Amino acid sequence: MRWALMTDVLDRVYQAVLDCDPDIVAESVHQAIDGKIDPLVVLDKLNAAIRTVGEKFGKGDVFITDLMGSAEAMKAGIQIIEPLILKNRKRVETLGKIAMATAEGDIHDIGKNIVVTLLRAAGFEVTDLGVDVPTERIVETITKEKSQVVGVSALLTSTVAAQERLIRRLGELGTRDAVKVMVGGAAVTREWSRRIGSDGYAPDGLTTVGLVKQLTGVALET
Amino acid sequence: MHIALGHEMLEILDRTQIERIHFSALEVLERTGVVIEQTDTLKSLKDVGVQVDLDRKLARFPPYVIQDYVRKAPPHFLQAGRSRKFDFVVRNGSVFARSLSGCSHVLDMETGQCREATKNDTADGARIIDALDNIHFCGGWIYPGDEHPSYRDVSLFKIFLENSEKHVCLQAYEGKNLEFMIEMAKAVQGGENELRRRPVLSIVLAPSSPLKLGKFMIDQIDLAGRYGVPGLFCSTPIAGATSPITLAGDLVIVHAENLAGIAISQILHPGAPAVYGPRPNTMDMRTGNAAWGSIEFGILSAASVQLGHFCGLPVDTYSLGTDSKTLDEQTAAEKSLNLLLPALAGANLLTGAGFIETIRTASFAQIVIDNEILGMVYRTLRGITVEDESLALELIDKVGPGGSYLAEKHTRKHALLEHFIPAIFDRNVRETWERKGSRDVAQAAKEKAADILSKHHPSELDKDVQRQLDAIMTRAKQTLHRT
């Protein structure tokens, strides 16, 4: 593919993510791959697009629904190129590895999903464990994936104890220092997060990105 | 900028009550009559069948005269801005808002203290109104205390023309003063015919309650009618002092005075644009002070909307009224309720943004907050759209139990259309709010006002027009100056 056409198709990928249009994203990613553009270059473009939307959301220029729409559109592109990248055994550079889960007993995931989207938009690799995640499964995942930060969200007051259980369990296993634990969700307060000895608390999605940057050393503590 | 009313959402009076008040007002106009302090006009009234007692200056209107002539008032007419983008049509079924007319003081932006207003404040106020989207035209908001009282109103109008491109509605002290304003309006719009087509000025016409129409009012009715300048007929009785303390009795006075004023305008100039403007304030019996934030003001305004519409007239109500001295909870509660009541009743013009303290004091921060409250009320008036697209059954089925609507196109498409997005009201979580400086809404509004003042500059007047305005002002000063 000629250079001019190549930038053209990549621009279309970028714009389609901004436009929240999964069909155009998929179509132009296919075009890019057919045109022999490196899947990693396409991934860069997808990341750049979602980062732009994330920044706009941070500034209040777009709504959360735009951000989630862009994330959905981006997913359509990722699904195409991820197998190709894995096949070539290439490593994707990210800001860090994060695991996210909703506390055991809690099925409310809108807030957690927003945080996952924002972290991915900021350039982190996020493993989303979903809802109602038992402590043992979280422990297994962060051990296996060597996650730098794990976040547990709780909307129901009755489920915040799961956050404490995770920290205690990591202590018993002697792996507490290997991972930073952050807690959040409507039922959680900063006082609670201190009391259970977590490494960080964020009151909303946008603040979480800053917190994760601090915990991973991407940004200096302010 | 056209805001259409979905439908009238509130009826304070039922049909029987409306008719009873209407016919009571007609009875008052026939039995008690109205004093009109202008002999020529009394003679014109006599010619159309009004019973006139020249010695007592008393006019008794047979009901048919009121009904015949009020009917001649146009159901819709244009109020123009200096710039065409701010033109709008006044009619039943749409709603527009303006600042009030008549503050003598301001809350100083630097010190927060209340002080007498200056010409600078008048100009700054005009620029702020020009910048606020939910306020469609200007009232003569801030009267400059550093201008001589004989022509302060003329000076104010000139400053508004220089600092805003929106339509101006204000009070002139006397007919002579209004003549100079009309001169200015002609200069700005490009001549008498153009002024008639696109009146950049409308005029507040207030009787002296109860049931007296002063010479200054009659002179201005005549002048405004001659040039097609819309007249806002503002009966302003104080319940308990210049009208009965009972709400129904107060409405009879409001209705009688407004109908008498509008009938006179139509007798002198058939088809002259006229607005029905109730200002039913009440007396606080503990102090004897007039109250403009009382809840009765809101109830009476809502009822008056029904009375004006019953006669086929567009209605301007006083909204956003408060008697509080600061930007506090009293201000928020009184303003919101007194705006919402007449708005829900279907008022077409909502007057009153920008003041506290019973019309006396202007606040730049408050008008920014009022702009926000107006946005919420416009949203209320749009009601709920019930149709296939908004019921969203296909979407509900697609997302299914346990799914999320956040990333759906339908959500993006309707987020802005269906929901009011506040500009200054805060919805952050506490930690974020604290990080951003723990600002309350008064502080946020003050910063927004300061930002507007540093950035917003309406287009300047044509140099030749500016010279004409300066010359008219010089003549006005020479002619009107009284010591």
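Residues numbered from 1 in each chain as written. Chains lettered and ligands numbered in written order. Predicted model: local features only at pLDDT ≥ 70, side-chain atom pairs only at ≥ 80, totals over all residues.

Enquirer: I keep staring at the overall build of chain A and nothing clicks. Help me out?
Expert: Summing up its helical and strand segments, chain A has nine helices and five strands in all. Going from N to C terminus, chain A has its helices and strands arranged as α-α-α-α-β-α-β-α-β-α-β-α-β-α. Relative to the 2.2 N^0.38 estimate, which gives 17 Å for 222 residues, the radius of gyration of chain A is 18 Å and therefore close to what a compact globule would have. With the C-alpha coordinates aligned to their principal axes, the bounding extent of chain A is approximately 60 × 35 × 35 Å. Residue pairs at least 24 apart in sequence account for 72% of intrachain contacts in chain A once pairs closer than 6 positions are excluded. (Helix = DSSP H or I, 4+ residues; strand = E, 2+ residues; numbered from the N terminus. Rg over C-alpha atoms; globule rule 2.2 N^0.38 Å. Contact = placed C-beta atoms within 7 Å.)

Enquirer: Is there a simple way to think about unusual backbone geometry in this case?
Expert: Trans is the common state for peptide bonds, and a negative phi is the common state for residues other than glycine. Residues and elements named next belong to chain B. Ser209 connects to Pro210 through a cis peptide bond whose omega is -5°. Of note, Pro210 is situated in the loop between β11 (201-205) and β12 (212-213). Backbone geometry places Glu357, a non-glycine residue, at a positive phi of 55°. Tracing the sequence through the fold places Glu357 in the loop between β20 (355-356) and β21 (361-362). Phi angles above zero are rare outside glycine, and Ala392 is one such case at about 60°. If you trace the backbone, Ala392 turns up in the loop between α13 (388-391) and α14 (393-399). With 17 C-beta atoms packed within 10 Å, Ala392 lands in the partly exposed category. (Buried ≥ 20, exposed ≤ 12 C-beta atoms within 10 Å, placed from the backbone.)

Enquirer: Is there a simple way to explain the sheet that holds strand β17 (residues 289-291) of chain B in this structure?
Expert: Either a parallel or an antiparallel arrangement is found when strands of a sheet pair, and the pairing is made through backbone hydrogen bonds. Residue and element names in this part refer to chain B. Spatially, β14-β16-β17 is the arrangement adopted by the three strands of the open sheet, whose pairing is mixed. On the outer flanks of this sheet lie β14 (238-239) and β17, each paired with one strand and no other. Sheet topology places β14 next to strand β16 (residues 281-284); two bridges connect them, and they run parallel. Bridge pairing links Ile238 to Asn281 in β16. (Pairing = 2+ DSSP bridges.)

Enquirer: Please explain the interface of chain A and chain B as it appears in this structure.
Expert: Many structure descriptions define interface size as the accessible area lost when the parts assemble. Listed by partner, the interface residues are 14 residues for chain A and eleven residues for chain B. For the side of chain A that touches chain B, the secondary structure elements donating two or more residues are α4 (64-87) and α5 (110-122) of chain A. Of all the elements, α4 of chain A adds the most residues to the side of chain A that touches chain B, at seven residues. Its residues placed into classes, the side of chain A that touches chain B shows seven nonpolar, four polar and three charged. (Nonpolar A, V, L, I, M, F, W, Y, C, P; charged D, E, K, R; others polar.)

Enquirer: Help me understand the environment of Leu40 of chain A, please; the structure alone is not making it clear to me.
Expert: Residue and element names in this part refer to chain A. As for its placement among the helices and strands, Leu40 is situated in helix α3 (residues 39-59). A tally of 16 C-beta atoms within 10 Å means that Leu40 is categorised as partly exposed. In this structure, the C-alpha to C-alpha distance between Leu40 and Tyr201, residues 161 residues apart in sequence, is 33 Å.

Enquirer: I tried to follow the domain arrangement of chain B on my own but got confused; where do I start?
Expert: Per the domain assignment, the segments of chain B are domain 1 (70-382) and domain 2 (388-418). Using only C-alpha atoms to locate each centre, domain 1 of chain B and domain 2 of chain B end up separated by 42 Å. (Domains from an automatic or database assignment.)

Enquirer: It is not clear to me how the pairing of β11 of chain B should be interpreted in this structure. Could you clarify?
Expert: On any regular strand, side chains alternate: one points to one face of the sheet, the next to the other face. Residues and elements named next belong to chain B. Burial of β11 is extensive: five of the five residues sit out of reach of the surface. Burial of β11 is two-sided: the residues Leu201, Ile203 and Leu205 facing one way and the residues Ser202 and Val204 facing the other way are all buried. In terms of strand pairing, strand β10 (residues 168-170) meets β11 through three bridges, oriented parallel. Its bridge partner lying in β11, Cys169 is registered against Ser202. Strand direction decides the pairing type here: β11 and strand β13 (residues 231-235), joined by three bridges, are parallel. Note on β13: the bridge partner recorded for Leu205 is Phe233.

Enquirer: Would you mind going over the domain arrangement of chain A with me for this structure?
Expert: Residue and element names in this part refer to chain A. Partitioning chain A into structural domains gives domain 1 (3-87) and domain 2 (97-215). Distance between the C-alpha centres of domain 1 and domain 2: 27 Å. Taken together, the elements giving at least two residues each to the side of domain 1 that touches domain 2 come down to α3 and α4. In terms of residues, the side of domain 1 that touches domain 2 owes the most to one element, α3, which gives six residues. Split into classes, the residues belonging to the side of domain 1 that touches domain 2 amount to six nonpolar, three polar and one charged.

Enquirer: Sorry if this is basic, but what is going on with the sheet that holds strand β9 (residues 138-139) of chain B here?
Expert: Residues and elements named next belong to chain B. The strand order across the open sheet built from five strands is β9-β10-β11-β13-β15, with neighbouring strands paired in parallel fashion. Each having just a single partner strand, β9 and β15 (274-278) make up the two edges of the open sheet. Relative to β15, β13 runs parallel, the two being bridged by five bridges. Within β15, the position partnered with Phe233 by the bridge is Tyr276.

Enquirer: Explain helix α4 (residues 119-131) of chain B to me, please; I cannot follow it from the model alone.
Expert: Because each turn of an α-helix spans 3.6 residues, side chains separated by three or four positions end up pointing in the same direction. Here α4 of chain B spans 19 Å end to end across 13 residues, near enough to the 18 Å set by a 1.5 Å rise per residue. For α4 of chain B, the full list of buried residues reads Asp121, Thr122, Asp124, Gly125, Ala126, Ile128, Ile129, Asp130 and Ala131 of chain B. (Expected span 1.5 Å × (residues − 1).)

Enquirer: How should I be thinking about the pairing of strand β1 (residues 97-102) of chain A in this particular structure?
Expert: Residue and element names in this part refer to chain A. Burial analysis of β1 places five of its six residues in the buried class, which makes it a mostly covered element. Pairing of β1 with strand β2 (residues 125-128) involves four bridges; the strand directions are parallel. Across the sheet, residue Met100 finds its bridge partner in β2, namely Asp128. Crossover handedness for the path β1 to α5 to β2: right-handed. Sheet topology places β1 next to strand β3 (residues 149-153); five bridges connect them, and they run parallel. (Right-handed = clockwise from strand over helix to strand, strands pointing away.)

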